[in-house]
Structures are given as structure tokens and as C-alpha cells.
Amino acid sequence: MALITYRDALNQALREEMQRDDRVFLMGEEVAVYQGAYKVSKGLLQEFGELRVVDTPITELGFAGVGVGAAVTGLRPVIEFMTWNFALLALDQVVNSAAKMLYMSGGQFNVPMVFRGPNGAALQLGAQHSQAWESWLMHVPGLKVVTPGTPADAKGLLKSAIRDDNPVLVLEGEMLYNTKGDVPDGEHLVPLGVADLKRSGEHCSIITNGKMVLVALQAADQLAKDGVRVDVLDLRTVRPMDEAAIVTTVRKTNRAVVLEEGWGAAGIGAHIVDIVQRECFDDLDAPVLRVHQAEAPMAYAKNLERAAKPDAAKTIAAVKRVMYLDS
Amino acid sequence: MTKTRPIASSTPPSGSVAAPAAPTPSVVATATAAPLPAGGVSDGASRTLHRELLRTMLLQRRFEERCAEAYALGKIGGFCHLYIGQEGTGTGAISVLRPDDYVITTYRDHAQAIARGIAPRAVMAELFGKAAGCSHGKGGSMHLFSREHNFLGGHGIVGANIPIATGVAFGIKYRGGDQVCLCFFGEAAVNNGAFHEALNMAGLWKLPVIYVIENNRYGMGTALERASAVNDIAERARAYDMPRAVVDGQDVLAVRRVVGEAVQRARTDHLPTLIESRTYRFMGHSMSDAVAGTYRSRAELDEQLKRDPIALLRAYMHERDEITEAEVAQLDAEVRAQCEDAWQFADASPEPALDALLRDVTIDGTADDGRHATGNGSQPGGASPPSGSTS
């Protein structure tokens, strides 16, 4: 166990998986000579050479498709998008090729690959660089979508994603890369599709994922000072979603707030609330509330950006409302 | 079942032209409006080869005539794109491949699947939406697949198969193999970003892929001249420092020669090639498109019908005394019987069981637990299709 950054945890995962399986290679913009736009791939070119750590032209659709072709014929590509904002250019390959080839071929051709990169807003990057895509991506059968919120989960989920026989999308966070946490050395696998209770309390459940896990924990700390103890359920994987864990926490606390990074319309929270109303109808003591990004493209100005993003204060307010403590 | 695969050659075709030297590759073959070369002395090997090519093209033609019939009867649903008129390209190109090479194509894929050796029964059953289809009824007309034949699918989004082919070639190079990937697409795809992105990487990384443009002149109903700033579309290879060729797609032997050279270049030097095969679609774009009248004239179609790839090869073989009329009739009767057998088989086959609906959405488990070996792709047919997986 060592205290390392989220960035280094991802780097460890890539290095270890490339060491144990020579079918694994990393491809993307600036991953090799530049060592990664966010330095996640630092040192990998030196260790594995240019055949396995491949710089591409700025050609997202093209190299996403190259990954698909390599995967269906037996390799295990890790395709890095410099950010998921740029991955929109590649979505045809992600959605129409990677996600569907197994099904369209009647089970003959699976696509064992990873698409990964930072997702969601950082700081003042403006409208086109500040978007959280997990609700778009989790819509598609055939894909698995993971959103690690801590360094340990980043390592464990990425390693599992690389070993998975399906296309797995790993949504990281630019604002998470420098966060630190204890990460097990060597073999550390976090199973896909299994949520993790990051904090235990009995008054309310905060159900969240990805970058919002840290926000939820901040909110939980604040609430604890007021004597409100919450469950913080980190979904970790949003497709397939751990429905049993959602049902368990809601049945325990009878109240829930769903916290997500992206926009609200057809968001992850909408899906979670559907599960809750269906499975926990008689368990609820209050309507489930959602905290999400304001329904606007991300603004540049500091104050507007702050106002748009979900944060601890908004989460606390929502928890207090579902506990009828806000009046 | 009846063997339908054309002769596959693992040796260089005769009359190869050396790869043009980088960085200014030249056209290595040119289109010709002339009929097939005049007859000459025929040897046994070429006679056998020509018969196989003729058999394959006849089988494709009769098969798709039955497809049109089945579509009219409602036995085939959805979109259905026929290859009639273009048989020379797919047949000639695929005939030079080894079994361990790869083929990837578009939604106009029935005839290429047959040329690759997929049983007509399995193709027809797929078109009929039956469990015995080559994609188990989950793909349909546009998505024919066969792992056994390294046939990586019909793909329904114009241009999308081009980056995938490039990735297959990347994988071959990664493993140090000497296979090639043959990638078909229409001339309308060259205006698509995926084409340019993929060809740039293939040129940059020197990948063993052969891109075959099936230039049938129309992207649905939009003529090449109305869609592309450059009408000599093979020239686009210049932008990617890639050898290029133009070939008469109605001349199956010319296609075979030109693709054979490109395959050799890919196998030995890991060089990609862009080939423009000039052909013509005798039918509409799909079943809802009239054969002529809107975007092309009846006169144009009639003119093109004179250069039917099957008739041209037949005439060539007659000239060389390689086949008699009676033998052609016999061959035709054989492939018609094969198509009738495929129809009857498909018609009698059961639909997929309803539990297939949620099967093969994802694979459970990993390659490491031994349940689903994904193979390394270098041993075609070595890996059996995974089964029993669920979402």
C-alpha cells in the first residue's frame, strides 16, 4: 500500500497490464514522446517502445477505429482520448462498431478494448472542454462505463477494464489526477459493475459516481458536524449499474440524493431515480432529489462556472431538504 | 456442402508490377474500356482458375436474383443492397487472398461473403433472419460475419469500415504477421472523414491493407462528379504517400492482377495500396430504388449492361476454348441448384430463439479465465464463436 496520486495509479495499472500481457498497447494523441497530455503515460514509451505506445495524428475517429480493428483480431488496445470532449468525433466507432460488433456478428467477434481519458469540467476551460458524458455513453448496450473517483479505484478499475473482453470506457477526471490516496501495490483489481459504500450513515443516502465522490464526501463531513450521518454510495461503474447496492442503501436510510456531474436531462440521476421509485417505493420517507450541472453550456467566468457546477453546498442543501431540515 | 470458394493463391500472381518507389508512387494499372485481352494459348491451371472465377460470379448473380425475389415476397426484410454488375471486383480481389487474410466490407456484402467461401445456405439464412445464418440472424443483409472465414463484416455506416481495416492491419504488423486486410467501400466513401483519417495512418505507419474503392459511379443517386472535387479518385492516395491503381472492375482478371500486386506489396513490404475499381451497379441502390430513370438514364444503363463482368469472362474463355456453351449451361444449372438449396434451407430453418435477444450484448468473463479465448487472429478458424454470454 502506498499513498500515490490518481495519475500514478493509472500509470501503474497501464504499466502492470502491459507487462503481463503483450497484446495490450496504448494509442492516442501525445501518449508517447510527450508522455501524455496529463502525464498518465509517463515512462511507458521508454519501457515498452514505440510499437506499444503509439502517438497518433489528431484523428479521433480514425484511431478509435484502428483500436476496434486491432481488438477484433486479438489485441487489447487502450485508446486514450486527450479528453472525452474530443471523443465526440469518435463516437461512431465507439457506438456503431465497438459496442455492436459482438451482437451483429451473432457472438463471433468481441471487441476487448478500453477507451479512456478525462471527462467533465476542470477549471475555466469553457463550454467545449467542460462536459461530462457518462449519461450519453451508458445509454448504449454493449458498452461498459466506469468512472473511478479515487486512486485505488482508478488502478483497480482500469486493470479490470483492460482484462475485460468487452469495450470498456474509463472516464477519469482532470481535477482528480493530482488527488492522492492509498493504493495497493501490484495486483489490485476492482470488479466492474460493483458499487462501493465510501461512507456509512443512517440518515440519508448520497448516490454518486466519478469526480462527484469527493464532493459527496466533503458534504458528508460537513453534515456530520450537524449530526447528519449519510451513506455515500460510489457507483464506480455506471453500466452495468449495481442496482442491488442502490436498493440496499435506500432501504437502509429511506432517503436519497443523487449527485451527478453532468446535465440533468436524461441524466444518470434520472436512471437511478427510476430504480429507486420502482424498487423502494414503500421505503421512501421523502422524494428523491437530484443535484447536477445547471442546464447551460459551461460558462468561462469563475463565478458562473462555480454556480453551474454541482458542489458540496448544493448537495448539503438537498440532503437537508429530503430530511425536512431546511425550513 | 458444395465447395464455392474460388481458388486462393498464396503465390504471387504472374505478371506482377513492382511496387512504385516512395515518395511518388505512380499508377500501377489503368482502366481500360477495351474488352478482355484477346485469346491465346490456355494451360490447365488458368483454365481451372477461370472456371472457378466464372462459377463464383455466376453463383453471386443467381444468388442475388433469388434475393430480389425473396425480398419481393417479404422473406427478406429491411434494407437489401444488391451487387449485381459489380461481381468482377469482389470476386477478383478476394480470389488472391489466403484463408488467413482478412476481408471487411460495407452493407453491399452478400456477394463478397460468398466469394470468401461462406456457404450460400448461411448467407441466405441470415437474410431470412434465421438462427442458422452466418450472424445467427442478428446481423441481416448489411451485417454478414464469419470468424471461420476472417470475414469481419458488412458495416452499415459509410466509411466506418475503413479505420477498422486499418486497425486490423496495425494488428498484423504488431504481431509481425504476413497477412493482409482487404477493405471494400464505395466511391462515395472517399469524401468521408474516416477515409482520410485511416489512409493517413496507413500511409504514415506502412500498414498491410488494400483499400478497394468500388466505383459504381453513384453514392445512392448522387453521381461522383456531383460529390467529389476530384473525379480521378485514386489520385487521393497521393496525399498519403500511398501506391495507387485504377482497374477495370468489369474485368475480373485485371482486378485479380492488380489486387494481387497490392497484396504482395502488403505482405512483403507492409505497404498499403489504394485501388479504384471502375464498375457499375446494374440494379438500384437498394430495393426501393428504381433501376433507372431519375439519376441515371436508361441509355446509360443499357450501355453499361454490355460490359457485364460475367459475359466478358465467358467470352474470353470461349475465345481460348476454355469452356463450351454446354459447360456454361451446366455450370449455371449447378449454381441455380445451389441457390435453390440455399433458399429451401433458409426457408425451413427456425427463427432465433427469443432468448437470443439479450445474448451477445456483452461477453461475461475475461480472456484470462479460459471461458472465452479471443485468439490472436493469426489462426483463422481456430477460435470458436463464444456462446452463452449475456448482458
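What counts and how
Residues numbered from 1 in each chain as written. Chains lettered and ligands numbered in written order. Predicted model: local features only at pLDDT ≥ 70, side-chain atom pairs only at ≥ 80, totals over all residues. Helix = DSSP H or I, 4+ residues; strand = E, 2+ residues; numbered from the N terminus. Rg over C-alpha atoms; globule rule 2.2 N^0.38 Å. Buried ≥ 20, exposed ≤ 12 C-beta atoms within 10 Å, placed from the backbone. Contact = placed C-beta atoms within 7 Å. pLDDT = per-residue confidence, 0-100. Domains from an automatic or database assignment. Pairing = 2+ DSSP bridges. Right-handed = clockwise from strand over helix to strand, strands pointing away. Core = buried A, V, L, I, M, F, W, Y, C linked by C-beta atoms within 7 Å. Axes fitted to C-alpha atoms, helices over the stretch in contact; angles between N-to-C directions. Parallel < 35°, antiparallel > 145°, perpendicular 65-115°, else oblique. Left-handed = near helix turned anticlockwise from the far one by under 90°. Nonpolar A, V, L, I, M, F, W, Y, C, P; charged D, E, K, R; others polar.

Looking at the overall build of chain A
Then, in step 1: Of regular secondary structure, chain A possesses twelve helices and 14 strands.
Then, in step 2: Taking 2.2 N^0.38 as the reference for a compact globule, 327 residues should give roughly 20 Å; the C-alpha atoms of chain A span a radius of gyration of 20 Å, in line with that estimate.
Then, in step 3: Seen along its three principal axes, the alpha-carbon backbone of chain A occupies a region of about 60 × 45 × 40 Å.
Then, in step 4: Across the 327 residues in chain A, those meeting the buried criterion constitute 59%.
Then, in step 5: Across chain A, the fraction of contacts at a sequence separation of at least 24, relative to all contacts at a separation of at least 6, is 79%.

So, the interface of chain B and chain A
Then, in step 1: Chain B puts 46 residues into the contact, and the matching count from chain A is 37 residues.
Then, in step 2: Breaking the side of chain B that touches chain A down by element, the ones donating at least two residues are strand 2 (151–155), helix 5 (161–175) and helix 6 (193–205) of chain B.
Then, in step 3: Broken down by element, the side of chain B that touches chain A gets its largest block of residues, nine residues, from helix 5 of chain B.

Things to note about the confidence of the model for chain B
Residue and element names in this part refer to chain B.
Then, in step 1: The share of residues in chain B with pLDDT of 70 or more is 82%, and the mean pLDDT across the chain is 86.
Then, in step 2: Segment residues 365–391 is flagged for pLDDT under 50; beyond a separation of four residues in sequence, or across chains, it makes 58 contacts in the model.
Then, in step 3: With pTM at 0.91, the complex prediction returns an ipTM value of 0.96.

Focus: helix 2 (residues 87–94) of chain B
Then, in step 1: Counting buried positions along helix 2 of chain B gives eight out of eight residues, so the element sits mostly inside the fold.
Then, in step 2: For helix 2 of chain B, the set of buried residues is E87, G88, T89, G90, T91, G92, A93 and I94 of chain B.

Remarks on the domain arrangement of chain A
All names here are of chain A.
Then, in step 1: Taken domain by domain, chain A holds domain 1 (2–183) and domain 2 (196–322).
Then, in step 2: Listed by contribution, the elements that provide at least two residues to the side of domain 1 that touches domain 2 are helix 6 (134–137), strand 6 (144–146) and helix 7 (151–163).
Then, in step 3: For the side of domain 1 that touches domain 2, the element with the most residues is strand 6, which contributes three residues.

Points about the pairing of strand 8 (residues 273–278) of chain B
All names here are of chain B.
Then, in step 1: Within strand 8, six of the six residues are buried, leaving the element largely enclosed by the surrounding structure.
Then, in step 2: Both faces of strand 8 are covered, namely the face carrying T273, I275 and S277 and the face carrying L274, E276 and R278.
Then, in step 3: Relative to strand 8, strand 4 (residues 209–215) runs parallel, the two being bridged by six bridges. Bridge pairing in strand 8 links E214 to S277.
Then, in step 4: Of the strand pairs in this sheet, strand 7 (residues 244–248) and strand 8 are connected by five bridges, and their pairing is parallel. Bridging from a neighbouring strand, V247 pairs with S277 of strand 8.

Re the pairing of strand 4 of chain B
All names here are of chain B.
Then, in step 1: Of all the seven residues making up strand 4, seven are buried; the element is thus mostly covered by neighbouring parts of the structure.
Then, in step 2: Judged by which residues are buried, strand 4 turns out to be covered on both faces: V209, Y211, I213 and N215 on one side and I210, V212 and E214 on the other are all buried.
Then, in step 3: Taken together, the six bridges between strand 3 (residues 181–186) and strand 4 define a ladder with parallel strand orientation. The residue bridging F185 from the neighbouring strand is I213, located in strand 4.
Then, in step 4: Handedness of the crossover is the feature at issue here: the chain leaves strand 3, passes through helix 6, returns alongside strand 4, and the resulting connection is right-handed.

Regarding the domain arrangement of chain B
Then, in step 1: When cut into domains, chain B gives domain 1 (48–226 + 241–289 + 303–350) and domain 2 (353–391).
Then, in step 2: Distance from the C-alpha centre of domain 1 of chain B to the C-alpha centre of domain 2 of chain B: 27 Å.

Quick look at the nonpolar core
Then, in step 1: Among the nonpolar cores identified, the biggest contains 201 residues, and I206 of chain A together with C181, L182, C183, V209, I210 and I275 of chain B are the most heavily contacted of them.
Then, in step 2: Contact partners of I275 of chain B, with chain neighbours within four places excluded, come to I210, Y211, V212, I213, A245, V247, V258, V259 and A262 of chain B.

Focus on the environment of L253 of chain B
All names here are of chain B.
Then, in step 1: Note that L253 resides in helix 8 (residues 252–269).
Then, in step 2: Using a count of 21 C-beta atoms within 10 Å as the deciding quantity, one classes L253 as buried.
Then, in step 3: As a C-alpha pair, L253 and S95 span 158 residues in sequence and 10.0 Å in three-dimensional space.

Quick word on the packing of helix 5 of chain B against helix 6 of chain B
Residues and elements named next belong to chain B.
Then, in step 1: Their axes nearest at 8 Å, the elements helix 5 and helix 6 cross at an angle of 20°. On the basis of their axis angle, the class for helix 5 and helix 6 is roughly parallel. Judged by the sense of rotation from one axis to the other, the crossing of helix 5 with helix 6 is left-handed. In this structure, helix 5 uses I162, P163, T166, A169 and F170 to contact helix 6, whose residues at the interface are A194, F195, E197, A198, M201, A202 and W205.
Then, in step 2: By residue class, the composition of the contact of helix 5 with helix 6 is ten nonpolar, one polar and one charged.

Let's talk about the sheet that holds strand 4 (residues 76–80) of chain A
Residues and elements named next belong to chain A.
Then, in step 1: In spatial order, the strands read 3-2-4-5-7-6-12; together these seven strands make up an open sheet with mixed pairing. Where the open sheet ends on each side, the last strands, each with one partner, are strand 3 (53–55) and strand 12 (237–239). For this sheet, the mean inter-axis angle between neighbouring strands, taken without regard to orientation, is 20°.
Then, in step 2: The sheet contact formed by strand 6 and strand 12 spans two bridges and is antiparallel. Across the sheet, the residue bridging to V146 is T237, located in strand 12.
Then, in step 3: Those strands touched by helix 7 are strand 2 (24–28), strand 4, strand 5 (113–118), strand 6 and strand 7 (167–172), and its axis lies near 160° from that of strand 7.

Some words on the packing of helix 3 (residues 60–72) of chain A against helix 5 of chain B
Then, in step 1: Their axes nearest at 6 Å, the elements helix 3 of chain A and helix 5 of chain B cross at an angle of 55°. In terms of their interaxial angle, helix 3 of chain A and helix 5 of chain B are classed as oblique. For the element pair helix 3 of chain A and helix 5 of chain B, the recorded crossing hand is right-handed. Along its contact with helix 3 of chain A, which presents L61, G62, G65, V66, G67, V68, G69 and A70 of chain A, the element helix 5 of chain B presents P163, I164, A165, T166, G167, V168, F170, G171 and Y174 of chain B.
Then, in step 2: Across the contact of helix 3 of chain A with helix 5 of chain B, the residue classes tally to ten nonpolar, seven polar and no charged.

Points about unusual backbone geometry
Then, in step 1: Cis geometry marks the peptide bond from R239 of chain A to P240 of chain A; its omega dihedral reads -5°.
Then, in step 2: Within the secondary structure layout, P240 of chain A lies in the loop between strand 12 and helix 9 (243–253).
Then, in step 3: Notably, E30 of chain A is not glycine yet its phi reads approximately 65°, a positive angle.
Then, in step 4: Along the chain, the position of E30 of chain A falls in the loop between strand 2 and helix 2 (44–48).
Then, in step 5: Its identity as a non-glycine residue notwithstanding, H136 of chain B has a phi of 55°, on the positive side.
Then, in step 6: Here H136 of chain B is to be found in the loop between helix 4 (120–127) and strand 2.

Looking at the sheet that holds strand 13 (residues 256–263) of chain A
Residue and element names in this part refer to chain A.
Then, in step 1: Taken in spatial order, the five strands make up an open sheet running 9-11-10-13-14, and their pairing is mixed. The sheet terminates laterally at strand 9 (196–199) and strand 14 (289–293), the two strands that pair on one side only. Averaged over all pairs of adjacent strands, the angle between their axes in this sheet comes to 25°, without regard to strand direction.
Then, in step 2: As paired elements, strand 10 (residues 204–208) and strand 13 share four bridges and run parallel to each other. Counterpart to I206 in the pairing with strand 13 is V257.

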